[in-house]
Amino acid sequence: MKVTKKQIQIKNSFLKIARYIFFMLLTLPLNAANYVTVATIGNRVPEVDKSSGMQGVVEQVKGFWHKKLAQVFPDKPDLIVLPEFCDFARGLTKKEKSEYLQVRQNQIVDFFASEAKTNSCYIAFGMQRAMEDGTWRNSCIIVNREGEIEGIYDKYFPTPDDIDAGIKAGTETPLIHCDFGSIGCAICFDLNFEEVRLGYESLKPDILVFPSMYHGGLVQSHWAYSCRSFFVGSMTFREIPSEIRDPLGEVVATKTNYFDFAVTTINLDSRLVHLGGGNWPKLTRMKEKYGKKVKIKEPGKLGAVLVSCEDNNMTVDEMLKEFDIELLDDFFDVLNPILVRDQY
């Protein structure tokens, strides 16, 4: 069966809304810090034995990722991010990839869905996806804890190689709602284009996931900071670091030369705040009152800090409101009309 957005929306829309409302109601009494454990795995399927045909290749792909996922399951991750085209084995020719896709159909989606359900987590993975009209998309598919497809993002800016393989461009920057928060996506080449970034800058997802063959360097940090989001990158090539960034754009976890995965716990109950506009002394008073119940991360040179609530009885927004501390965007929005007026 071919996976289509229309089928997914019809089947799952009411279930997703119900799950999200249930989760929000369940967590209302706590009104607490929102800790989410995230993992990234940066590797690719090695060369495979093709003597048993393409169904044999499919089984080897599943076996590879079963072992790789087993590395992070002991940490009970809420979200695992895998690379772009994660099921293409190294060394396949263009013709062999076409044969593989015809045999594979929905088997890899079903495999990751099963792994997600068994281990009660979300898995985001990149793959070439067939459309009803016979065209292809370079997609990031997110399966949820129940083993269902929660959302799909299609690469907005295909590369020339993508286009040569028959892949068409995506047209949306969806905000995918999970039980812990919201997710936005970008794939590889997308990172170079403002159209995609600006779409998510307005949506401000809690987490941006980035399956890719290309790292992007400082651009990853720019996306994290400008979208006010945590950023989880998963690179196809082991030589390139797969990293997890906070909304300041700073790396908080990375795979190494020894391990192809990284796992960390992030706190989504966090906000960016500017040090100006009288916020600095207010932040000091807030820290004096709440101590370890609030974290204020100051990276230097930026003029902004990341404030995180560590209290189980209130939110970071409530803390900031108590001391009349402006969020970073509110601070800039207030100043912008003044700056425009002063130019004329």
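A brief structural summary. The model shown is predicted, which means the values in this text are computed figures rather than measured ones.

Rules and cut-offs
- Residue positions are counted from 1 within each chain, in the order its sequence is given.
- Whole-chain, interface and lining totals are the exception, using all residues; otherwise, since this is a predicted model, local features are given only for residues with pLDDT of at least 70 and side-chain atom pairs are given and counted only at 80 or more.
- With hydrogens and water set aside, each side-chain value is computed from the structure's full complement of heavy atoms.
- Any Lys or Arg side-chain nitrogen located within 4 Å of an Asp or Glu carboxyl oxygen qualifies as a salt bridge.
- Exposure categories follow from relative accessible area, calculated using a 1.4 Å probe and restricted to protein chains: below 20% of the type maximum is buried, above 50% is exposed, and the middle band is partly exposed.
- Think of it this way: any DSSP run of H or I at least four residues long counts as a helix, any run of E at least two long counts as a strand, and we number them from the N terminus.
- Whether two aromatic rings pair depends on their centres lying within 6.5 Å, for rings of Phe, Tyr and Trp, where Trp uses its six-membered ring; planes under 30 degrees apart make the pair stacked, over 60 edge-to-face, and the rest tilted.
- Should the NZ of a Lys or the CZ of an Arg lie within 6 Å of a ring centre and within 35 degrees of the ring normal, that charge is described as sitting over the ring.
- Strand pairing is defined by DSSP finding a minimum of two bridges between the two strands.
- The convention used is that axes are lines fitted to C-alpha atoms, helices contributing only their stretch in contact, and that angles between N-to-C directions extend from 0 to 180 degrees.

**As for the pattern of salt bridges**
- By the definition in use, this model includes 20 salt bridges.
- We note a salt bridge from Arg-245 to Glu-243, for which the minimum N-O separation is 2.8 Å.
- On the accessibility criterion, Arg-245 (6% relative accessible area) is buried.
- Within the structure, one salt-bridge network assembled from shared partners comprises Asp-78, Arg-145 and Asp-179.

**Some thoughts on unusual backbone geometry**
- In this structure, Lys-76 takes a positive phi of about 50° despite not being glycine.
- As for its placement among the helices and strands, Lys-76 is situated in the loop between helix H2 (53–70) and strand S2 (79–81).
- The class of Lys-76 is exposed, set by a relative accessible area of 66%.

**Description of the packing of aromatic side chains**
- With the rule as written, the count across this model stands at 13 aromatic pairs.
- Seen in terms of ring centroids, Phe-157 and Phe-193 are 3.8 Å apart; in terms of plane orientation they differ by 15°. Their pairing is stacked. Here the residue Phe-157 occupies a position in the loop between strand S5 (149–154) and helix H5 (160–164), and Phe-193 occupies one in the loop between strand S7 (182–185) and helix H6 (194–203), the gap between them amounting to 36 residues.
- A relative accessible area of 24% places Phe-193 in the partly exposed class.
- Centre to centre, the rings of Phe-331 and Phe-332 are 5.8 Å apart; their planes meet at 55°, and the pair counts as tilted.
- A network of ring pairs unites the aromatic residues Tyr-156, Phe-157, Phe-189 and Phe-193 as a single cluster.
- In this arrangement the basic side chain of Arg-228 is found over the ring face of Tyr-225, its NZ or CZ atom lying 5.0 Å from the centre.

**So, the sheet that holds strand S4 (residues 136–143)**
- Spatially, the 6 strands line up as an open sheet ordered S5-S4-S3-S2-S1-S12, and their pairing is mixed. Each of the sheet's edge strands pairs with one partner strand only, and the pair in question is S5 and strand S12 (261–267). For this sheet, the mean angle separating the axes of adjacent strands, direction not counted, is 25°.
- Inspection of the sheet shows S4 paired to S5 by 5 bridges, in the antiparallel sense. Across the sheet, Ile-141 pairs through a bridge with Ile-152, a residue of S5.

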